[in-house]
Amino acid sequence: MRLPLLKLVALATAAAASAGLESKLPRRVKEVKNVAIIGAGAAGTSAAYYLRKFAEEEGLAVNITVFEKTDHIGGRTITVNAFNDPRQRVELGASIFIKDNHIMYNATKNFNLSPTGLTEPQPTDYTAIWDGETILFKSEAGASKWWDAARLFLKYGLVPYRAVRLVKSSVGTFLRLYDAPYFPFRSLTQRAFELGLLRLTGVTAVANSPVLIRSVPKINPDFVRDLMQSATRVNYASNMAYIHGLEAMSTRLLIQQVSFSTDGAVAIAGGNWQIFEKLLQHSGAAYYPNTSVAALAFQKGTDKPGSAPKYLVSTKSSTSRSKAMMLPTAFDNVILASPWQFSDIEAAHGVIKHRIDTIPYMKLHVTLFTSPFLLQPSFFGLKAGTKAPSNVYTTLGKDEEAHEGPKGVGRTGFYSISTLRTVTNPRTQGKEFLYKIFSAEPVNSTFLSDILGTPVPPTFISNETTSEVEPISWYYPHWFYSYPIESPRVTFQDPIVGRGLYYTSGVESFISTMETSALMGMNVARLMADDFAGVTRSRRGDRFAGAGDTRPRAPREDFWDSMDSEMGASMNFLGADEL
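These remarks concern the structure in this document. Just so we're clear, the structure is a prediction, and the values are computed from it rather than from any experiment. (Residues numbered from 1 in each chain as written. Predicted model: local features only at pLDDT ≥ 70, side-chain atom pairs only at ≥ 80, totals over all residues. Heavy atoms only, no water.)

1. Quick word on the overall build of the protein
(1) Moving on: Tallying secondary structure elements over the protein gives 15 helices and 23 strands in all.
(2) Moving on: Per-residue burial over the protein gives 55% buried out of 579 residues.
(3) Moving on: Carbon and sulfur atoms make up 52% of the accessible area of the protein, which totals about 25,800 Å². (Helix = DSSP H or I, 4+ residues; strand = E, 2+ residues; numbered from the N terminus. Buried < 20%, exposed > 50% of the residue type's maximum accessible area, 1.4 Å probe, protein only. Areas by Shrake-Rupley, 256 points an atom, 1.4 Å probe, with all protein chains shown as cover.)

2. Re the pattern of salt bridges
(1) Moving on: A complete count under the given rule lists 19 salt bridges for this structure.
(2) Moving on: Where Lys 387 meets Asp 125, a salt bridge forms, and the shortest distance between an N and an O atom there is 3.6 Å. A residue pair is termed long-range when its members are at least 10 positions apart, and Lys 387 in the loop between strand E15 (361-371) and strand E16 (391-394) and Asp 125 in the loop between helix H3 (102-110) and strand E6 (126-130) qualify at 262 residues.
(3) Moving on: Judged by its relative accessible area of 12%, Asp 125 is buried.
(4) Moving on: In this structure, Asp 222 engages Lys 398 in a salt bridge whose closest nitrogen and oxygen atoms are separated by 3.4 Å. Note that Asp 222 is positioned in helix H9 (residues 221-236) and Lys 398 in the loop between E16 and strand E17 (414-424), a separation of 176 residues in sequence.
(5) Moving on: Looking at Asp 222, the relative accessible area reads 26%, which means it is partly exposed.
(6) Moving on: Lys 398 sits in the exposed class, given a relative accessible area of 61%. (Salt bridge = Lys/Arg side-chain N within 4 Å of Asp/Glu carboxyl O.)

3. A few points about the packing of aromatic side chains
(1) Moving on: Per the stated rule, a full pass over the model turns up 23 aromatic pairs.
(2) Moving on: On the numbers, 6.4 Å between centres and 85° between planes, the contact of Phe 67 with Phe 331 is edge-to-face. With Phe 67 in strand E2 (residues 62-67) and Phe 331 in strand E12 (residues 325-331), the pair connects residues that are 264 residues apart, well separated along the chain.
(3) Moving on: Note on Trp 130 and Phe 379: the rings are 5.3 Å apart at their centroids and 45° apart in plane angle, and the pair reads as tilted. Separated by 249 residues along the polypeptide, Trp 130 in strand E6 and Phe 379 in the loop between E15 and E16 bring together distant segments of the chain.
(4) Moving on: Given a relative accessible area of 3%, Trp 130 falls into the buried group. (Phe/Tyr/Trp six-rings, centres within 6.5 Å; stacked < 30°, edge-to-face > 60°.)

4. Comments concerning the sheet that holds strand E14 (residues 346-347)
(1) Moving on: Spatially, the four strands line up as an open sheet ordered E12-E11-E10-E14, and their pairing is mixed. The sheet is open, and its two edges are formed by E12 and E14, each paired on a single side.
(2) Moving on: With four bridges connecting them, strand E11 (residues 311-317) and E12 associate as antiparallel partners. Opposite Ser 314, over in E12, you have Met 326 as the bridge partner. (Pairing = 2+ DSSP bridges.)

5. A closer look at the sheet that holds E6
(1) Moving on: Across the sheet, seven strands lie side by side as E7-E6-E16-E17-E18-E15-E19; this open sheet has mixed pairing. Each end of this open sheet is capped by a strand with a single partner; those strands are strand E7 (135-140) and strand E19 (474-484). Between one strand axis and the next, the sheet turns through 20° on average, direction left out of account.
(2) Moving on: With seven bridges joining them, E15 and strand E18 (residues 431-439) adopt antiparallel strand pairing. Considered in E18, the bridge of Val 366 is made with Phe 438.
(3) Moving on: Against the sheet, H9 makes contact with E6, E7, E16, E17, E18 and E19, and its axis sits at roughly 100° relative to E16, the strand it touches most. (Axes fitted to C-alpha atoms, helices over the stretch in contact; angles between N-to-C directions. Contact = heavy atoms within 4.5 Å.)

6. A closer look at the packing of helix H2 (residues 42-58) against helix H14 (residues 514-533)
(1) Moving on: The N-to-C vectors of H2 and H14 enclose an angle of 35°; their axes lie 7 Å apart at closest approach. Our pair here, H2 against H14, has a crossing hand that is right-handed. Contact with H2, carried on its side by Ala 42, Ala 43, Ser 46, Ala 47, Tyr 50, Leu 51, Phe 54, Glu 57 and Glu 58, involves Met 514, Ser 517, Ala 518, Gly 521, Met 522, Val 524, Ala 525, Arg 526, Met 528, Ala 529 and Ala 533 of H14 and no other residues of that element.
(2) Moving on: In terms of residue class, the contact of H2 with H14 is built from 14 nonpolar, three polar and three charged. (Left-handed = near helix turned anticlockwise from the far one by under 90°. Nonpolar A, V, L, I, M, F, W, Y, C, P; charged D, E, K, R; others polar.)

7. Examining the pairing of E2
(1) Moving on: In terms of residue burial, E2 counts as a mostly covered element, since five of its six residues are buried.
(2) Moving on: With six bridges joining them, strand E1 (residues 33-38) and E2 adopt parallel strand pairing. Note on E2: the bridge partner recorded for Ile 37 is Val 66.
(3) Moving on: Taken together, E1, H2 and E2 form a β-α-β motif whose crossover is right-handed. (Right-handed = clockwise from strand over helix to strand, strands pointing away.)

8. Things to note about the packing of H3 against H14
(1) Moving on: At a minimum axis distance of 8 Å, the contact between H3 and H14 shows a crossing angle of 90°. With respect to H14, the element H3 is oriented roughly perpendicular. Residues His 102, Ile 103 and Met 104 of H3 lie in contact with H14, whose contacting residues are Met 514, Glu 515, Ala 518, Leu 519 and Met 522.
(2) Moving on: Split by residue class, the contact of H3 with H14 holds six nonpolar, one polar and one charged. (Parallel < 35°, antiparallel > 145°, perpendicular 65-115°, else oblique.)

9. Digging into unusual backbone geometry
(1) Moving on: A cis amide bond links Ala 180 to the next residue, Pro 181, at an omega of 5°.
(2) Moving on: Note that Pro 181 resides in the loop between helix H5 (159-174) and helix H6 (188-194).
(3) Moving on: Of note, the bond from Phe 183 into Pro 184 is cis; its omega dihedral lies within 30 degrees of zero at -5°.
(4) Moving on: One can find Pro 184 in the loop between H5 and H6.

10. Some thoughts on the nonpolar core
(1) Moving on: If you look at the biggest cluster of nonpolar residues, it comprises 111 residues, and the most contacted ones within it are Ile 37, Ile 275 and Phe 510.
(2) Moving on: Residue contributions to this core peak at 12 residues, all from H14.
(3) Moving on: Split by domain, the residues of this core number at least three in each of domain 1 (33-75 + 271-357 + 493-533) and domain 2 (83-118 + 361-484).
(4) Moving on: Leave out the neighbours within four places in its chain, and Phe 510 touches Phe 174, Leu 177, Leu 188, Ala 192, Leu 197, Thr 201, His 244, Leu 246, Glu 247, Glu 486 and Phe 492.
(5) Moving on: With 20 residues, the next largest nonpolar core counts Leu 296, Ile 345, Leu 501 and Tyr 503 among its residues. (Core = buried A, V, L, I, M, F, W, Y, C linked by side-chain atoms within 4.5 Å. Domains from an automatic or database assignment.)

11. Considering the environment of Thr 329
(1) Moving on: Within the fold, Thr 329 resides in strand E12.
(2) Moving on: With 293 residues separating them in the primary sequence, Thr 329 and Ala 36 have C-alpha atoms 9.9 Å apart.

Following this line, the structure appears as structure tokens:
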């Protein structure tokens, strides 16, 4: 099926409007720019919002079109309805963010979005670290932070305090990417070098890492295994031996897992995807859901040396077996705002100037279900009659060898089980427990029988039966390519991959979060607005502009030549042999 006629008319009208607006534009802006954004996740919606914002600040006119192959905004931030009841929504993907996530948190304020409680703990609830045989550490709901701190000190000494300081330092360094002179950046590798972060990305986060040893003297290997590794597993499904140091340390979620506190953590009532919906709405972009981009090509005659290329985009419906159709609008710039390797987009010869790396992603299984049964204490090696933990984060046992990817899950078979809250079963009107499991493989009836302590028949996952099974009243399995396998590296995919072609997902192998994707979206929007306005920036981040601007200016080298120069910057810096 082709795009509906009205959509084609809208795109054609936008192109015609561009021509009609030329006479009303500021002198230094010659025409309305048409920009295509492929993907309406965190990066795509952020790019649309900030491109509109920066364009207005520069006196630019832009038409923005966003194509999304699914039927929802927000990428991996998805909510589903327990019992198909929209009043009982639950987050399937990215569940929380923190106040240091400037773009996400500021959006909640700017758009008047309502935060919500993360869990509904009972006084006897506790969170545990489990290695498949023994509970290594636990924190009780409502317990004093000082009591938890005392227990951490008694078991691990001062190492938790030193590790938290290291994490805060890493976060503080990363946050410098939001401001001049480090923002905007055409080379992520160059900025990581300038900020000294390559010394963290170039090593693993295990206890024998030279960086970790220097930063956290007398580090306790039990602390690394028990608490730090449980954090990297629940956040990135990865063991410490197979995740680079920055990813392990720069996430503030690590601090929260160490203290088992969610202070400062935020979630939006009704789903975090609403942040990205608001960003898109306020961008004024034309939005086309269920629309897959099939091909990118140069408009004939615009790819000649010295000319600014224009792009032709071919799309097709994601919900039918339709053939791809080329749109009538030619786009000045295109933003690829989702992982290229999963896009199935055919790029014509010469479109992608800088090859986009294929990187391994983790396939994470997420299982939601409701049950009237609590978790079974004996499953976790506890005596009968004792209370099982309400939330369980896992790590490897001392006798287990770490592996990369799904094989690294170990004997526990899962990364975490969380009791999110109680919900109402509409059939019985009774209160039940809502669970969420992160695992390397799909859960089965045997596993559910073991953790609930009651038989769960295999038919609970059958699509052929509509009868409800007592132990499991509602069940929803899903899987994501959730984040890259964060192996150590010292080079990263940069955001400019062609002349007027931008890419956001390179940041995911640096740090993979909703916020960092949104930051890359904001970054490419700033780069694009600067290019449209003829703006160049010094190494200090000073802004100079083209004709009509009375501020001091420097001779502006060609934007794309400058991009190539910065992307090829020398890495022969002092101490490079230590990486």
